[in-house]
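# Fold and contact review
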Amino acid sequence: MKDVLLIAAFALAGAAGAGLAGAVALRLVRHRSVALSLTVVAAVTVTAMLAGTLAVARAMFLSAHDLWVVTVVVAMAALVSLCTAVVLGRWVVARSRALARAARDFGDGGSFSAPDGAATAELAALTRELAATSAKLDASRRRERALEASRRELVAWISHDLRTPLAGLRAMAEALEDGMAADPARYHRQIRTEVERLTAMVGDLFELSRIHAGALILSPSRMSVYDLVGDALSGAAPLAHQQGVRLVGEEVEAVPVEVDGKEMTRVLANLLVNAIRHTPADGTVAVAAERRDGGVVVSVTDGCGGIPDEDLPRVFDTGWRGTEARTPPAGAGLGLAIVRGIVEAHAGRAEVCNVPGGCRFEVTLPAAAG
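This one's a predicted model, so the numbers in the text were calculated from it and none came from an experiment. (Residues numbered from 1 in each chain as written. Predicted model: local features only at pLDDT ≥ 70, side-chain atom pairs only at ≥ 80, totals over all residues. Heavy atoms only, no water.)

Right, let's get into the pairing of strand 7 (residues 358–366). Taken across its 9 residues, strand 7 has 7 buried, putting it largely inside the fold. Pairing between strand 6 (residues 349–355) and strand 7: 7 bridges, direction antiparallel. Paired with valine 355 across the two strands is glycine 358, which belongs to strand 7. Taking the residues that link successive antiparallel strands as the turn, the strand 6-strand 7 hairpin has 2 residues, and the phi of glycine 357 there is positive, at about 90°. (Buried < 20%, exposed > 50% of the residue type's maximum accessible area, 1.4 Å probe, protein only. Helix = DSSP H or I, 4+ residues; strand = E, 2+ residues; numbered from the N terminus. Pairing = 2+ DSSP bridges.)

See below:
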């Protein structure tokens, strides 16, 4: 037992020296190619084995011939190990460079295409992560392009909508100033109407900018959907009467929700006004609310005749107005975008679908706990 411990001690002493030298070498080449690091590791392994073997051989007083035989055997093993390390290192380096080129392509605005050929488990995992990142960047670029197009459309539409009432206000003001107005009271009423329209438009723009900037601050409280819908119906009743549209809100359950009452009232008001304006006289706008799949769904169904299928994905986009038949005379295409922003701020979702004779807007909100 004593001899075994002595041999182990000599072998450890010889290998430790080689290992220490190898650690220093690896530190010096840590910023170099992985092929060089693998070569150093292989060299250290063989050198440690050779140093340990020679230390034990000398301690055992082997003959010069036996010592030479041991040295040659270890040297051949070292040569094979080094060649294997170099081949492996060059293969890993080639795969890494191919992966770097692919990553550079999608970083410059292209899409990521995984290099052909086999790879180590780590490089394969990195390839999958880069592919997932490329998909996310591509989706982000598409959203950015769509948002930029929407913003350009919005600027064009808002400019047009502002130019028309401003030109009218200027003409009426000049007529009043020159004393050319035949009915000044009518001009004053018209000016007031146009100012209210502009005020509403500016308010919508301000609300939408807060939503897009993430500055919409909610003050949620527990309330019943029945009360929310009742308030919204009361507010929309005068417009419905003016347009000759019937409002129906009989299928509304008294389900509790945790929402900001002011903002959700605006959501329902926008949906009802939108539905009333696009429903012909003698038509019906129906409001319903029910618990569904752990949430609360509030729906507004109108008689607009339906929305083209190709336009359905864009209904909640900023500035969307759809066909001329669906373009309200006083709208800037912001109401539904505000609806979606407020609903999503409540961790809900807003959707639209066609139904016989019209379309249904659905707002899904999380149900209140308890």
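Read on for the rest.
Quick look at the pattern of salt bridges now. Under the definition given, this model contains 9 salt bridges. The salt bridge involving arginine 210 is made with glutamate 263; its shortest N-O contact spans 3.7 Å. Placement of the pair is arginine 210 in helix 5 (residues 184–212) and glutamate 263 in helix 7 (residues 261–277), with a sequence separation of 53 residues. For arginine 210, a relative accessible area of 23% corresponds to the partly exposed category. Judged by its relative accessible area of 7%, glutamate 263 is buried. Taking the shortest distance from any N to any O, the salt bridge between glutamate 362 and arginine 292 comes out at 3.6 Å. Taken as a pair, glutamate 362 in strand 7 and arginine 292 in strand 4 (residues 284–292) lie far apart in primary sequence, 70 residues in all. Judged by its relative accessible area of 13%, glutamate 362 is buried. In this structure, a network of salt bridges that share partners links the residues Glu207, Arg210, Glu263 and Arg266. (Salt bridge = Lys/Arg side-chain N within 4 Å of Asp/Glu carboxyl O.)

Attention now moves to the packing of helix 6 (residues 225–243) against helix 7. Axis separation between helix 6 and helix 7 bottoms out at 9 Å; the angle between their running directions is 30°. In terms of orientation, helix 6 and helix 7 fall into the roughly parallel class. The crossing of helix 6 and helix 7 is right-handed. Taking contact as the criterion, the partners of Leu228, Val229, Ala232, Leu233, Ala236, Leu239, Ala240 and Gln243 in helix 6 are, on helix 7, Gly261, Met264, Thr265, Leu268, Leu272, Val273 and Ile276. Looking at side-chain class alone, the contact of helix 6 with helix 7 contains 12 nonpolar, 3 polar and no charged residues. (Axes fitted to C-alpha atoms, helices over the stretch in contact; angles between N-to-C directions. Parallel < 35°, antiparallel > 145°, perpendicular 65-115°, else oblique. Left-handed = near helix turned anticlockwise from the far one by under 90°. Contact = heavy atoms within 4.5 Å. Nonpolar A, V, L, I, M, F, W, Y, C, P; charged D, E, K, R; others polar.)

With 49 residues, the main nonpolar core has Val229, Met264, Val267, Leu271, Leu272, Phe316 and Phe361 as its most contacted residues. For this core, the leading source of residues is helix 6, giving 8 residues. Leaving out residues up to four positions away in the same chain, leucine 272 has contacts with Ala232, Leu233, Ala236, Leu247, Val285, Val287 and Val300. (Core = buried A, V, L, I, M, F, W, Y, C linked by side-chain atoms within 4.5 Å.)

This part covers a nonpolar patch on the surface. On the surface, a nonpolar cluster with roughly 580 Å² of combined accessible area is contributed by Trp68, Val69, Val72, Val73, Met76 and Leu79. Under the relative-accessibility criterion, methionine 76 is labelled partly exposed at 49%. (Patch = residues over 30% accessible without salt bridge, like charges linked within 9 Å, V, L, I, M, F, W, Y side chains within 5 Å. Areas by Shrake-Rupley, 256 points an atom, 1.4 Å probe, with all protein chains shown as cover.)

What follows concerns the packing of aromatic side chains. Across all of its chains, the model carries 1 aromatic pair by this definition. Measuring from centroid to centroid gives 5.9 Å for phenylalanine 316 and phenylalanine 361, while their planes differ by 85°, and the two rings are edge-to-face. You can see phenylalanine 316 sitting in the loop between strand 5 (295–301) and helix 8 (335–345) and its partner phenylalanine 361 sitting in strand 7, a full 45 residues away along the chain. Note on phenylalanine 361: relative accessible area 2%, which makes it buried. (Phe/Tyr/Trp six-rings, centres within 6.5 Å; stacked < 30°, edge-to-face > 60°.)

Taken in spatial order, the 5 strands line up as 2-4-5-7-6 in an open sheet, and their pairing is mixed. Of all strands in the sheet, those with a lone pairing partner are strand 2 (246–252) and strand 6, marking the two edges. Averaged over all neighbouring strand pairs, the angle between strand axes comes to 20°, with direction disregarded. In the sheet, strand 4 pairs with strand 5 via 7 bridges, with the strands oriented antiparallel. Of the residues in strand 5, the one forming a bridge with alanine 289 is valine 298. Along the sheet, helix 7 makes contact with strand 2, strand 4, strand 5 and strand 7, crossing strand 7 at roughly 175°.

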